Amino acid sequence: MGERLAMLERVERLLSPAARYQAGVVAVTAKNGPAAVRFLTPIRGTPDRPNGLAGIVLARAHYQAGNPQAGRAALLAGAADTNPAARAAYRKELAWVAEPQELADWDSLPPAQASAWLGDFWARRDVRDARPDGARLIEHYTRMEYAFEVFQRVVPQLGVQKNAGMAFAMDYEVDDGMIKEALHSVGIADGKEGEIAMQRLAGDAMGMGPNSPFRAFRTTQTLIDDRGVIWVRHGKPTKVARTADGVAWRRGDMTALRGRSSCSFGRRTSMGRPARQSWSLRSSRRTRCSASSCARSTSRSVR
């Protein structure tokens, strides 16, 4: 990758806009943010005609280069691009962290409102995580860089391997909200009865796998394995336990209002042997705590 980047830098002045974009992608993949900024800045467009595809890569480049303010500005500016390819690319970026309703809002959003909406989206994440303004987006790019370096898939993914992890919950908070809303719609209130019903529906959702109506977050991307997906969405686990054939993560603690979640991963096999760095979610568990009780719902491990 470094040799390709060096070659592109030598012929930079000869590059077409399309070639500049590809050169920028090569540069950020090589973690050379300053070079990517140099390639992409001339093609980022104007306020009334932004280049959204370049904006996404340019944002990452600025964060790599240690300039988060420029990165945020590039990301928000590119969101106003009306090009369907750019809209789809921004949706793909949002899908790493967005909830289903937020993705639906994006899909119905007029392009003229996209930049403001995206700014509000990340501002809400700052508030939710009790972070200073702009800190959650910085954290997002930090997580992405780590995940793409450490959890990258290195073997071709086919068939069921593409859908790895879809049967298990990756975002319990959203899933629980969907189940609770369904219970409220049929007159089951919070409390002991509601808790029992929630555990029952959570078990049913586990049995239905990816077809469950209460499974909010699903992924069929093949760039990083399930550990990386959860790392990007939820951050660094608070505890890690390793075994001979897998690894377990825990996030949060029992005293936290949102409770604690844990998940275990195992290696997918290729030609009968464990595939290097091709890990899939095998089981997940959420411990929900309240002032009066602590109820645990568990899921089976995949054999």
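The preceding data block contains the structure.
Predicted model only: the values in this text are computed from it and were never measured.

Draft legend 1. Quick look at the overall build of the protein. Counting its secondary structure elements, the protein contains twelve helices and seven strands. Across the 303 residues of the protein, 45% fall into the buried class. Summing over all exposed atoms, the protein offers an accessible surface of approximately 16,200 Å²; the carbon and sulfur share of this is 54%.

Draft legend 2. Quick peek at the packing of helix 9 (residues 135-150) against helix 12 (residues 226-234). Between helix 9 and helix 12, whose axes approach to 8 Å, the crossing angle comes to 170°. Taken together, the axes of helix 9 and helix 12 lie roughly antiparallel to each other. Residues R136, H140, R143, M144, Y146, A147 and V150 of helix 9 form the contact with helix 12, whose participating residues are R227, G228, W231, V232, R233 and H234. Here the residues of the contact of helix 9 with helix 12 are counted per class, giving six nonpolar, three polar and four charged.

Draft legend 3. Region of interest: the packing of aromatic side chains. This model, assessed by the stated rule, comprises nine aromatic pairs. Cluster of aromatic residues (ring-pair linked, three or more members): Y90, W106, W117, F121 and W122. The residue whose ring lies beneath R87 is W106, and the NZ or CZ to ring-centre distance is 4.5 Å.

Draft legend 4. Just helix 8 (residues 114-128), in detail. Here helix 8 contains 15 residues, and its C-alpha end-to-end distance of 21 Å stays within 8% of the 21 Å for a straight helix at 1.5 Å per residue. Of the positions making up helix 8, those classed as buried are A114, S115, W117, L118, G119, F121, W122, R125 and D126.

Draft legend 5. Focus on the pattern of salt bridges. With the rule as written, the count across this model stands at nine salt bridges. Between E99 and R128 there is a salt bridge, with the nearest N and O atoms lying 3.3 Å from each other. Taken together, the residues span a long stretch of sequence, with E99 in the loop between helix 6 (84-94) and helix 7 (100-107) and R128 in helix 8 at a distance of 29 residues. For E99, a relative accessible area of 22% corresponds to the partly exposed category. Residue D129 is joined to R131 by a salt bridge in which the shortest nitrogen-to-oxygen separation is 3.5 Å. Since its relative accessible area comes to 32%, D129 is described here as partly exposed. With relative accessibility at 30%, the residue R131 sits in the partly exposed group. One network of salt bridges, with partners in common, ties together K31, R60 and E145.

Definitions and limits used
- Residues numbered from 1 in each chain as written.
- Predicted model: local features only at pLDDT ≥ 70, side-chain atom pairs only at ≥ 80, totals over all residues.
- Heavy atoms only, no water.
- Helix = DSSP H or I, 4+ residues; strand = E, 2+ residues; numbered from the N terminus.
- Buried < 20%, exposed > 50% of the residue type's maximum accessible area, 1.4 Å probe, protein only.
- Areas by Shrake-Rupley, 256 points an atom, 1.4 Å probe, with all protein chains shown as cover.
- Axes fitted to C-alpha atoms, helices over the stretch in contact; angles between N-to-C directions.
- Parallel < 35°, antiparallel > 145°, perpendicular 65-115°, else oblique.
- Contact = heavy atoms within 4.5 Å.
- Nonpolar A, V, L, I, M, F, W, Y, C, P; charged D, E, K, R; others polar.
- Phe/Tyr/Trp six-rings, centres within 6.5 Å; stacked < 30°, edge-to-face > 60°.
- Lys NZ or Arg CZ within 6 Å of the ring centre and 35° of its normal.
- Expected span 1.5 Å × (residues − 1).
- Salt bridge = Lys/Arg side-chain N within 4 Å of Asp/Glu carboxyl O.

All quantities given are derived from atomic positions and should not be read as evidence of function.
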